[in-house]
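# Survey of secondary and tertiary structure
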Amino acid sequence: MRSYFIAFTETRQNKDYVWARLSCIIVPYILRLYQHWYNPSMSSRERVYRTEAVVLRRQDLGEADRLLAVYSLDRGKLRLIAKGVRRPRSRKAGHLEPFTRVQLLLARGRELDIITQAEAIEMYSGVREDLIHLGQAAYVVELLDRFTVEREANQALYHLLVRTLERLVAGVEPTAVIRYYELRLLDQIGYRPELYRCLGCGAEVRPQDQFFSPAEGGVLCPDCGPGRKDAQRISLAALKVLRHYQRSTFDVATSARIRPQVFAEIEQVMEDYMSYLLERKLNTPAFLRRVRRMMHERLKPDTVV
Ligand SMILES: [Zn+2]
């Protein structure tokens, strides 16, 4: 048997055959290794990069890692891996909590980039102090998360996110902060609601109660509104506040005193509009309503201990 094998391989023709078969296996393997270790389109400097970002959400991964979604200043939304971050001694852990504004050093990975260093710039600890603030901050990041796609930078949106978190922790009336944020966010993503002309007939809106249509993206007059299934009534007072917020700077907008019923009406209009745009119910408004109801129950005089 052995002599047969030697006789078989010793002929020149068969040696060539064996080499040809071997090279079929070895050459692609070497090529793959080469591509893995050396990619001419990416210099060694680019394999590592820095960016500033706000942590939107996180999810446990495997034994000790976490998957993070962040919104970065110069690259938009990114999904990243934080390795070993759930180990007790991890130095990165405290810097990667949701809502934290953080300076990151990232290494490009095959699918997701990896966080190699993280240093918090601002923790916004105030948003974690009570459920209302936590709910508001969660709503802010949820909206941003749902309305943005990965790796599409929008620096104005990043600054809006940072300013909004700062305003929440600074103790500014949260309802005003959130309504202002919603309107500016809609501007940035191209869904600024029309508040001056009827989207049905084009007539200028007159000083009376109107309708708001999420599907049309703005106001319908009392002639055009009633026939539309998605259109809800909106009071003149609520419409005026929306306009004031839409055209003013934050300080000017929030200097106006607004009745709670008007704010409640605007909140509902905005929620309907956002939900329509996102095609499914947002999670956090319902959570916020539950928390408010709970707080209200607790504050009733007969339940105070
Ligand atoms: Zn009309």
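Here's what I pulled together on the structure shown here. (Residues numbered from 1 in each chain as written. Predicted model: local features only at pLDDT ≥ 70, side-chain atom pairs only at ≥ 80, totals over all residues.)

With that settled, the discussion passes to the sheet that holds strand S8 (residues 232-234). Taken in spatial order, the three strands make up an open sheet running S7-S6-S8, and their pairing is antiparallel. The sheet is open, and its two edges are formed by strand S7 (218-220) and S8, each paired on a single side. Sheet twist, expressed as the mean angle between neighbouring strand axes with direction ignored, is 45°. (Pairing = 2+ DSSP bridges. Helix = DSSP H or I, 4+ residues; strand = E, 2+ residues; numbered from the N terminus. Axes fitted to C-alpha atoms, helices over the stretch in contact; angles between N-to-C directions.)

All right, on to the sheet that holds strand S3 (residues 76-82) then. As summarised here, the arrangement of the five strands in space is S1-S2-S3-S5-S4, forming a closed barrel in which the pairing is mixed. Put simply, the sheet's adjacent strands are angled 50° from each other on average, direction ignored. Of the pairings in the sheet, the one linking strand S4 (residues 101-107) to strand S5 (residues 113-122) comprises seven bridges and is antiparallel in character. Considered in S5, the bridge of Gln103 is made with Glu119. Each of strand S1 (48-61) and strand S2 (65-72) touches helix H3 (residues 131-147); the most contacted strand, S1, lies at about 105° to it. (Contact = placed C-beta atoms within 7 Å.)

Moving on: the environment of Asp65. With respect to the helices and strands, Asp65 occurs in strand S2. Overall, Asp65 belongs to the partly exposed group, with 17 C-beta atoms counted inside 10 Å. Between the alpha carbons of Asp65 and Arg87 there is a distance of 8.4 Å; along the sequence they are 22 residues apart. With residues near it in sequence (within four places) discarded, Asp65 still touches Ile81, Ala82, Lys83, Gly84 and Val85. (Buried ≥ 20, exposed ≤ 12 C-beta atoms within 10 Å, placed from the backbone.)

Running from amino to carboxyl end, helix H6 (residues 236-247) crosses helix H8 (residues 260-278) at an angle of 70°, the nearest separation of the two axes being 9 Å. Judged by the inter-axis angle, H6 sits roughly perpendicular to H8. Here Ala237, Ala238, Val241 and Leu242 of H6 lie close against H8, whose contacting residues are Val262, Glu265, Ile266 and Val269. The residue makeup of the contact of H6 with H8, split by class, is seven nonpolar, no polar and one charged. (Parallel < 35°, antiparallel > 145°, perpendicular 65-115°, else oblique. Nonpolar A, V, L, I, M, F, W, Y, C, P; charged D, E, K, R; others polar.)

This part takes up the nonpolar core. Formed by 65 residues in total, the largest nonpolar core has its most connected members in Val70, Ala137, Val140 and Leu161. Here this core takes eight residues from H3, the largest share from any one element. Two domains each provide a minimum of three residues to this core, namely domain 2 (48-123) and domain 3 (140-299). For Ala137, the contacting residues outside a window of four places in its chain are Phe99, Val127, Leu165 and Leu168. (Core = buried A, V, L, I, M, F, W, Y, C linked by C-beta atoms within 7 Å. Domains from an automatic or database assignment.)

So, about unusual backbone geometry. Not every positive phi belongs to a glycine, and Tyr124 is a case in point at roughly 50°. Mapped onto the secondary structure, Tyr124 falls in the loop between S5 and H3. Classification of Tyr124 by C-beta neighbours within 10 Å gives buried; the count is 20. Backbone geometry at Arg151 places phi at a positive 55°, although glycine is not the residue there. One can find Arg151 in the loop between H3 and helix H4 (155-169). Taking the number of C-beta atoms within 10 Å as the measure of exposure, Arg151 has 11 and is therefore exposed.

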